[in-house]
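# A closer look at the structure
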Amino acid sequence: MSHDGRLRTRPGAVVRSVAFLTAGVLAVPLLTGCTSEDEAGRPLAGPDIAPAARDLVADGGTLRWAVDDVPETLNTFQSDADAATNRIAQAVLPSMYRLDPNGRPQRNPDYLESAKVVQTEPKQVVLYKLAQQAVWSDGREIGAADFAAQWRALSGKDTAYWTARNSGYDRIEKIERGANDLEVKVTFARPYADWQSLFSPLYPKDVMGTPDAFNDGARRTLKVTAGPFALKAVDHKNNQVSLVRNPRWWGQPAKLSEIDLLAVPLDKRAAALADGTIDLAEIDPSAAQRIDLAGRANGTGTPLQGSTPLPGPGGGRVAAKALPREAEGLGGLEVRKSLEPVYTQLALNGAEGPLADERVRRAVARALDRKALAEAVLKPLGLPAVPVGSHLALSGQAAYADNSGSLGGEDTAEAQALLADAGWVRGGPVKEQKKQQKGEKAAGAEGRGSDESEGGDDGTYIVGEDDNGGDSKSGHDKDPKDHTKKHEKAGTHLADGKQYAGQQPQQGGAPGAYAPKGTAAPAGAAAGLLAKDGKPLTLRFVLPSGPGSQALRTVADRISSMLLRVGISTRITKVSDESYFKDHIASGQFDLALYSWPASAFPATDARPIYAKPVPAADGSLDVEQNYTRVGTDQVDHLFDQAAATLDGDENLSLIRKADSRIWAAAGSIPLYQRPQLTAARKNVVNAGSFGFQTPLYQDMGFLKKGAKPSARASADD
C-alpha cells in the first residue's frame, strides 16, 4: 500500500469495471458451443442518442453532463478509476478500438489505419499501422515509444507501478518500431486472442515512462492528450471537470466548444435538470416519470410505456405533486432509454452452509422464474424483458449464446427433488433456536446476525416464518483465511441504482414495494418449510438500503416468494450502501445477494477473475479474486485459459460458450436481466443519451441547429 492508501495488485490481476465445493462431477448437457451469428442475436435495445448528421449540429456551445463524482484519478489503470475517469479518457486519449452498437470492437480510424496478426509461429506478432496525422497535443507523433512505455508499466514486472490490471500486457515479449515511424510491431511471448483490448486507451510515454509519473503524475492532470477534446481543468472544489476542443485534433472537429462534467447525486438530478444546471444526465425511473408527466402536461411528452405510470410506493403521487413546480423546467427534456451493457445476477455464496451443496444451489436456480423477474424491472419502462442467457456476454455480442439450458429453467418439482436428495425434509423437526449471541453459528451459515449490520435490523424480516420466527438468523463471519483483494473496489461490481464506489454509471430500476419488519408469512407456510438436522433451510438475503435500490428490493421480494414455494425461507436484511460490498459481498457475509457485472467484448480476459476457482495463497489465505460466490472449477479455468490463447475466432467463441455452460451448471450465479439505462436530455442535445454498448463519439455531440430535426429515434427493440 502506498502512503496515500492506494493499493497495488499482484501481477496478472484484472479489475473489472464488480464456494468451489461441488457434489461430484457436473452433468452438463449442451456443452458444444455454436458459433453462428444466430446464437449471438441482436442487442435487445439499441442506442437512443437523438442521432443527427454533423451538418445539422451547431458549432459551439457547452454541454453540461452529470457524473457521479469528480474522479480521484485520470489514470484508468489505477484501482480508484471510475466511470468519470473512463469518460474523460474516451474524449481526450487515443484508443485503437472502440465498441459498435453490437458491443463488438471496431478499429478506430482516427488513430489506426490497420492492425492485424501478421505471424503466429514461432510467436504471435501484431502489426499496427497508425494514422499519419495522429499526434499528441505537444506536436509529437504517436508511435512505438508510447506503446512500449505502456507495455512496460502494465506488464507486472515492475512492482513500483501501482496498477489495477495488466492482463494481456503480461503476455507481450517486445515492442519495436516497424518499417517506419507509423508502424508498431508487437511480439507476444504467449498467444493472446484478446489483443484488440490493448492500448485502449493509450497514454503518452510521459505518463507511463516512470513509476512516479504513472502513480501520481496523471491523477489530477493530463498535460499531453490526443483526442477531439483536451483537459482544461479538474476542479474538486466546485465538483467539475472541464474539457475543451483540442486545437491539434486532426479528425472531424468537435462540434461543442466545451464539455463540463458536473458531479450531481442521482437523487438531485431532476432538480438540476429543471433549473437548467445540467443538460444531460442518467436518471432513475422516478425522475423519468416526472419528466414524462411534465412533457405531457405541456403537450410535448410521450409516455414511457403507453399511459401506464411506473409502479412503486408513491411514484405517481410524487410526480403529480412535482408538476406545478417543475413542469416548466422539465418540459424541455426527454428521456432516452436503452439497456446498459451490464446484467444483474443472483449470487449464491457456496463457501459454506446449505449453498455449499451444489444440489441446493441448483434447486434455488430451478425455483426461479427469470422471465417474471426481468418483467418486474423492465416492462414498466417499455424495455424488452428478456432474461440474460449468458454470464460472459449479452445479446448481440459475438460470444453470446443462451446457455441457461445447462442448468435448466423453472421447474418446481425438480427443485424439490434436488432438495430432497440433499437431505432437506419438508415439515421436518426444527430445534428451538435460542437468541443468537455474537460469535455463534446460525442456521445456514456462520456469522453475525443482521442486527449487527448498519442501521440495526430495521427492515429485516424472514419470508416463510411468522413474527415468532424472528430469532432464526443466517449470516457469515468472514473466515480470516478467506479474503478478497481489498483494492478491488465495490464499484466494479454494481448494485442496481446505486454506484457504491463510483466505478460505473448510476442507474435505477423500477421501484417496488418492500415488506417491512414484522410482515407475516403466508398462512401455513412455516409448516411446509424444509429442515435438516434440526435446522430450517433459511438463507440470508443481503440488500443495500439506499434510495436508488428499489429495483433490487422488488426483485428480492419476488425471489423470496419463489423460493418459499419449494420450502426455502429467506431472511432479508438491508445494510447501508457504504458497507454492502466491502462488509458483506467481498467478505462473504451473505447467502444470497443481487449485484451486477458489466459485459465485456473480451470475456476470456475480463471475466476470468469473476469465475476463477479460488486458490490457497502462500500465507494460507484464500484468493478469490473477484469470484465472490466462491464457486469455481478447474474445468472452467482451463476453458478460459484455452480461449485466451486461441487465435482462431470460431474456436475461441466455442470455448467461451463452453465455459459459460459450465458456469451455469455450477449454479454459483444466476443471470437475471440486463439493466435499464435512462438518460434525460434537453431536446436539442443530439448524438448523446443512452449509448447502450456503443462508445460515444464526442466530436459529434452538440446542439441541434435552429429549425433542424434529428433523425428518427430507434425503438427499444430495434
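Everything below is about the structure shown above.
Residues numbered from 1 in each chain as written. Predicted model: local features only at pLDDT ≥ 70, side-chain atom pairs only at ≥ 80, totals over all residues. Heavy atoms only, no water.

### Some remarks on the overall build of the protein chain
The test is simple: Every helix listed is a DSSP run of H or I at least four residues long, and every strand listed is a run of E at least two residues long, numbered separately from the N terminus. When accessible area is computed with a 1.4 Å probe and restricted to protein chains, residues below 20% of their type maximum are described as buried, those above 50% as exposed, and intermediate ones as partly exposed. Calculation of accessible area relied on Shrake-Rupley with a 1.4 Å probe; when residues are assessed, cover is drawn exclusively from the protein chains displayed.
Within the protein chain, the secondary structure is distributed over 17 helices and 27 strands. By the burial criterion, 60% of the 718 residues in the protein chain qualify as buried. Here the protein chain displays about 26700 Å² of accessible surface, and carbon together with sulfur accounts for 49% of that area.

### Structural notes on the packing of helix α16 (residues 634-644) against helix α17 (residues 649-666)
As a reminder of what qualifies: Comment: axis = line fitted to C-alpha atoms, over the contacting stretch for helices; angle = value between 0 and 180 degrees taken between N-to-C directions. For this classification, under 35 degrees means roughly parallel, over 145 means roughly antiparallel, 65 to 115 means roughly perpendicular, and everything else is oblique. Crossing handedness is read from the near helix: turned anticlockwise from the far helix by less than a right angle, it gives a left-handed crossing, and turned clockwise, a right-handed one. Contacts between residues were defined by any pair of non-hydrogen atoms, one from each residue, lying within 4.5 Å.
For the pair α16 and α17, the least separation of the axes is 9 Å and the interaxial angle reads 165°. As the angle between them shows, α16 and α17 are arranged roughly antiparallel. Viewed along their axes, α16 and α17 form a crossing whose handedness is left-handed. Between α16 and α17, the residues in contact are Gln635, Val636, Leu639, Phe640, Gln642 and Ala643 and Asn652, Leu655, Ile656, Lys658, Ala659, Arg662 and Ile663, respectively.

### A word on the environment of Gln78
Cut-off, in case you're wondering: Within 3.5 Å is the distance limit for a polar contact, defined as a pair of N or O atoms, with the added protein rule that one can donate a hydrogen and the other accept it, and that residues adjacent in sequence qualify only through two side-chain atoms.
You can see Gln78 is positioned in the loop between β1 (62-67) and α2 (83-92). In the structure, Gln78 is positioned 85 residues away from Thr163 in sequence and 5.3 Å away in space, judged by C-alpha atoms. Gln78 has contacts with Thr73, Trp162, Ala164, Phe214, Asn215 and Arg219, leaving out every residue within four places of it along the chain. One polar contact links the side chain of Gln78 to the main-chain carbonyl oxygen of Asn215, over a distance of 3.0 Å.

### Let's talk about the sheet that holds strand β5 (residues 125-130)
Going by this rule: Between any two strands, at least two bridges found by DSSP are needed for them to pair.
Strand order in the open sheet made by the four strands is β4-β5-β7-β6, with antiparallel pairing throughout. Since the sheet does not close on itself, it has two edges, and those belong to β4 (112-119) and β6 (172-177), each with one partner. When the angles between neighbouring strand axes are averaged without regard to direction, this sheet yields 15°. The pairing of β4 with β5 spans six bridges and is antiparallel. Within β5, the residue paired with Val117 across the bridge is Val126. The strands touched by helix α3 (residues 144-154) within the sheet are β5, β6 and β7 (183-188), with β6 carrying the most contacts at an inclination of about 160°.

### Let's talk about the nonpolar core
Selection criterion: Here, the term nonpolar core denotes a set of buried Ala, Val, Leu, Ile, Met, Phe, Trp, Tyr and Cys residues that are joined through side-chain atoms within 4.5 Å.
Counting 71 residues, the largest nonpolar core has Met96, Tyr128 and Phe199 as its most contacted members. Element by element, the count of residues in this core is highest for α3, at seven residues. Once you skip the residues sitting within four places of it in the chain, Phe199 turns out to touch Pro94, Ser95, Met96, Tyr128, Phe147, Gln150, Tyr169, Ile172, Ile175 and Val186. Ranked by size, the runner-up nonpolar core spans 69 residues in total, among them Ala281, Leu355, Ala415 and Leu543.

### Regarding the packing of aromatic side chains
Quick note on the threshold: Working definition: rings of Phe, Tyr and Trp (its six-membered ring) pair if their centres are within 6.5 Å, and the pair is stacked with planes under 30 degrees apart, edge-to-face with planes over 60 apart, and tilted otherwise.
One pass over the full model with this rule turns up 20 aromatic pairs. With a centroid separation of 4.6 Å and 45° between ring planes, the pair formed by Phe147 and Phe199 is classed as tilted. In this pair, Phe147 is assigned in helix α3 and Phe199 in the loop between β7 and α4 (205-208), connecting sequence segments 52 residues apart. Note on accessibility: Phe147 and Phe199 belong to one class, buried.

### Thoughts on the packing of helix α10 (residues 370-378) against helix α12 (residues 550-564)
Relative orientation of the contacting elements α10 and α12 amounts to 155°, with a least axis distance of 10 Å. When the axis of α10 is compared with that of α12, the two are roughly antiparallel. Where α10 crosses over α12, the two elements pack in a sense that is right-handed. Of α12, the residues touching α10 (which contributes Ala372, Leu373, Ala376 and Val377) are Ala551, Thr554, Val555, Arg558, Ile559 and Met562.

### Topic: the sheet that holds strand β18 (residues 530-532)
Across the sheet, which stays open at both edges, the three strands sit in the order β13-β18-β19 with antiparallel pairing between neighbours. On the outer flanks of this sheet lie β13 (425-426) and β19 (535-536), each paired with one strand and no other. Looking at chain direction, β18 and β19 are connected through two bridges and run antiparallel. In the strand pairing of β19, Lys532 is matched with Lys535.

### A short note on unusual backbone geometry
Between Glu121 and the following residue, Pro122, the backbone shows a cis peptide bond with an omega angle of 0°. By the element assignment, Pro122 lies in the loop between β4 and β5. Of note in this structure, Phe199 is not a glycine but carries a positive phi near 60°. Among the residues examined, Phe199 registers a relative accessible area of 0% and is labelled buried. Not every positive phi belongs to a glycine, and Ala667 is a case in point at roughly 55°.

### As for the side chain of Gln124
One can find Gln124 in the loop between β4 and β5. Separated by 2.6 Å, the side chain of Gln124 and the backbone nitrogen of Tyr192 make a polar contact.

### A short note on the pattern of salt bridges
What counts is decided by this rule: Whenever a carboxyl oxygen of Asp or Glu lies within 4 Å of a side-chain nitrogen of Lys or Arg, that contact is scored as a salt bridge.
Going through the model one piece at a time under the given rule, you end up with 22 salt bridges. Between Glu72 and Arg220 there is a salt bridge, with its nearest N and O atoms 3.2 Å apart. Here Glu72 is found in the loop between β1 and α2, whereas its partner Arg220 is found in the loop between α5 (211-217) and β8 (229-235), with 148 residues between them in sequence. Taking the relative accessible area as the measure of exposure, Glu72 reaches 38% and is therefore partly exposed. The exposure class assigned to Arg220 is partly exposed, which follows from its relative accessible area of 44%. Where Arg140 meets Asp206, a salt bridge forms, and the shortest distance between an N and an O atom there is 3.8 Å.

### A word on helix α13 (residues 577-585)
Residues of α13 that are buried include every one of Asp577, Ser579, Tyr580, Phe581, His584 and Ile585, and no others. Residues of α13 that are buried in the fold lie against β20 (538-544), β21 (569-575) and β22 (592-598).

### Examining the environment of Leu222
Among the secondary structure elements, Leu222 is positioned in the loop between α5 and β8. On the accessibility criterion, Leu222 (5% relative accessible area) is buried. Taking the C-alpha atoms as reference, Leu222 lies 9.8 Å from Ala89; in sequence the two are 133 residues apart. Those residues in contact with Leu222 that sit more than four places away from it in its chain are Leu74, Val92, Leu93, Tyr203, Val207 and Leu231.

### Thoughts on the pairing of β22
Within β22, seven of the seven residues are buried, leaving the element largely enclosed by the surrounding structure. Alternating residues of β22 divide into Leu592, Leu594, Ser596 and Pro598 and Ala593, Tyr595 and Trp597, and every residue in both groups is buried. As paired elements, β20 and β22 share two bridges and run parallel to each other. Bridging across to β22, Val542 finds its partner in Ala593.

### Some remarks on the pairing of β20
Selection criterion: A crossover gets the label right-handed when its path from the first strand over the helix to the second runs clockwise, viewed with the strands pointing away from the viewer.
Among the seven residues of β20, seven are classified as buried, and the element is accordingly described as predominantly covered. The alternating pattern of β20 places Thr538, Arg540, Val542 and Pro544 on one face and Leu539, Phe541 and Leu543 on the opposite face, and all of these are buried. Across seven bridges, the pairing between β20 and β21 is parallel. Residue pairing across strands places Pro544 opposite Val575, the latter belonging to β21. Taking the sense of rotation as the criterion, the β-α-β connection linking β20, α12 and β21 turns out right-handed.

Remember, this is a structural readout, not a statement about activity or role.
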